[in-house]
Amino acid sequence: MKYMGLNEVREKYLSFFESKDHLRMHSFSLIPQVDKSLLLINSGMAPLKPYFTGQETPPKKRVTTCQKCIRTPDIDNAGKTARHGTFFEMLGNFSFGDYFKKEAITWGWEFMTKVMEIPYEKLYVSIYENDDEAHELWHNMIGLPEEKIFRLGKEDNFWEIGTGPCGPCSEIYIDRGEQYGCGKATCTVGCDCDRYIEVWNLVFTQFNRDEESNYTPLDFPNIDTGMGLERMAMVMQEAASIFEVDTVKSVLDYVCALSGKQYGTDEKTDISIRVITDHIRSVVFMVCDGIIPSNEGRGYVLRRLLRRAARHGKLLGIEQIFLAHVAEKVINQSSDEYAELNEKRDYILRIIKSEEEKFNETINQGLGKL
């Protein structure tokens, strides 16, 4: 296993599945185009729901993407740990009624062991507790011993987000070593510590869930997989957290330089640095996709993220308008894959600067009244 930058990991993945006859598609907008149940795109498969349900015909039965995603169930907690954030990129390979479990598992194992060259002893898998077919494939086809295959319940190994396509899944885990463990004798796959981390979820989409929570078998079962790009890069770089991955760390380091603070010396300071680093990534991509700050809907999510980042700048002692400068770092790191960031650079920076200035003005007026 050798060091690999985040952008290289992305390209390795997409190229691998192109070699398996998948169509590489560009990331969809963060604004859902069809699914009204979502405020923002939060997974790689979310924009592809119409293909899974048969509402629309996919451009090809095999597709691979790197989808930008935002998850904000509790914005106020983002940044409080070294592994949680609001923005991430999700790698995925998808089959719309073409191949199924055998191919998904075979290619998953090939990518991890041959392309990424991850040692066999570091790899483990989980399956849904009732999925004997997946167990058969991992055990007899791939050759994994029983002690490397874990049967987990619906909460862990049955994938669904709201209504739409869903099904049992099989997750691939990497053992990062005892130094990341909890020290308990029972520590293994499924533990809440940072030793065994799930990097790839292979979802075997067999059902459609309706608004009454009825599960109807799909006429043609599909494959939906998701691999967190930042998390995979963290493994390949042997980084302690997603904030120490090369592209993310460059943003974090710039925040440190602006504030004159050193990361890793004080927990409160670290939280503020992580909040700014994470939130500005979300903000840049949201603005690029046409979301503007407002007091409702996704515009309100954007405003909260932007203002929360600005507030943590104040906590770090940054008095000047600074978020647009940090945003430039994000654009520079990601524009090779997302050319639209460069094309809309001036617009993105202008929106961010304007909103931060309004927030600053509000704070100053409040302080004056106090």
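Here's a quick rundown of the structure. Please read these numbers as outputs of a predicted model, since none were measured by experiment.

A word on the overall build of the protein chain
(1) Moving on: Helix and strand counts for the protein chain stand at twelve helices and nine strands.
(2) Moving on: Taken over the C-alpha trace, the protein chain has a radius of gyration of 21 Å; the compact-globule value for 370 residues is 21 Å, and the two agree within 12%.
(3) Moving on: Dimensions of the protein chain, computed from C-alpha atoms along their principal axes, come out at roughly 70 × 50 × 40 Å.
(4) Moving on: Considering the protein chain as a whole, with its 370 residues, one finds that 54% of them fall into the buried category.
(5) Moving on: The long-range share in the protein chain, meaning contacts at least 24 apart out of those at least 6 apart in sequence, stands at 71%.
(6) Moving on: About 16500 Å² of surface is accessible on the protein chain, with carbon and sulfur atoms providing 46% of the total.
(7) Moving on: In the protein chain, 45 side chains carry a positive charge and 57 a negative one; their mean positions are 5 Å apart.

Considerations on the environment of Met116
(1) Moving on: Tracing the backbone through its elements, the reader meets Met116 in the loop between helix H3 (101-115) and strand E4 (123-128).
(2) Moving on: Measuring from C-alpha to C-alpha, the distance between Met116 and Pro217 comes to 35 Å, with 101 residues separating the pair along the chain.
(3) Moving on: Setting aside residues no more than four positions away along its own chain, Met116 makes contact with Met1, Met4, Val9, Phe111, Met232 and Met236.

Details of the environment of Leu6
(1) Moving on: Within the fold, Leu6 resides in helix H1 (residues 6-19).
(2) Moving on: Accessibility expressed as a relative area gives 1% for Leu6, which makes it buried.
(3) Moving on: Leu6 sits 28 residues away from Val34 along the chain, and the two C-alpha atoms are 30 Å apart.

Quick word on the pairing of strand E2 (residues 62-70)
(1) Moving on: For E2, the tally of buried residues reaches nine of nine residues, placing the bulk of the element in the interior.
(2) Moving on: Residues Arg62, Thr64, Cys66, Lys68 and Ile70 line one face of E2 and the alternating positions Val63, Thr65, Gln67 and Cys69 line the opposite face, and both faces are buried.
(3) Moving on: Sheet topology note: the strand E1 (residues 23-25)/E2 ladder contains three bridges and is parallel. Bridge pairing in E2 links Leu23 to Val63.

Rules of the game
- Residues numbered from 1 in each chain as written.
- Predicted model: local features only at pLDDT ≥ 70, side-chain atom pairs only at ≥ 80, totals over all residues.
- Heavy atoms only, no water.
- Helix = DSSP H or I, 4+ residues; strand = E, 2+ residues; numbered from the N terminus.
- Rg over C-alpha atoms; globule rule 2.2 N^0.38 Å.
- Buried < 20%, exposed > 50% of the residue type's maximum accessible area, 1.4 Å probe, protein only.
- Contact = heavy atoms within 4.5 Å.
- Areas by Shrake-Rupley, 256 points an atom, 1.4 Å probe, with all protein chains shown as cover.
- Lys, Arg positive; Asp, Glu negative; His and termini not counted.
- Charge placed at Lys NZ, Arg CZ, Asp CG, Glu CD.
- Pairing = 2+ DSSP bridges.

Spatial relationships are all this shows, so hold off on functional conclusions.
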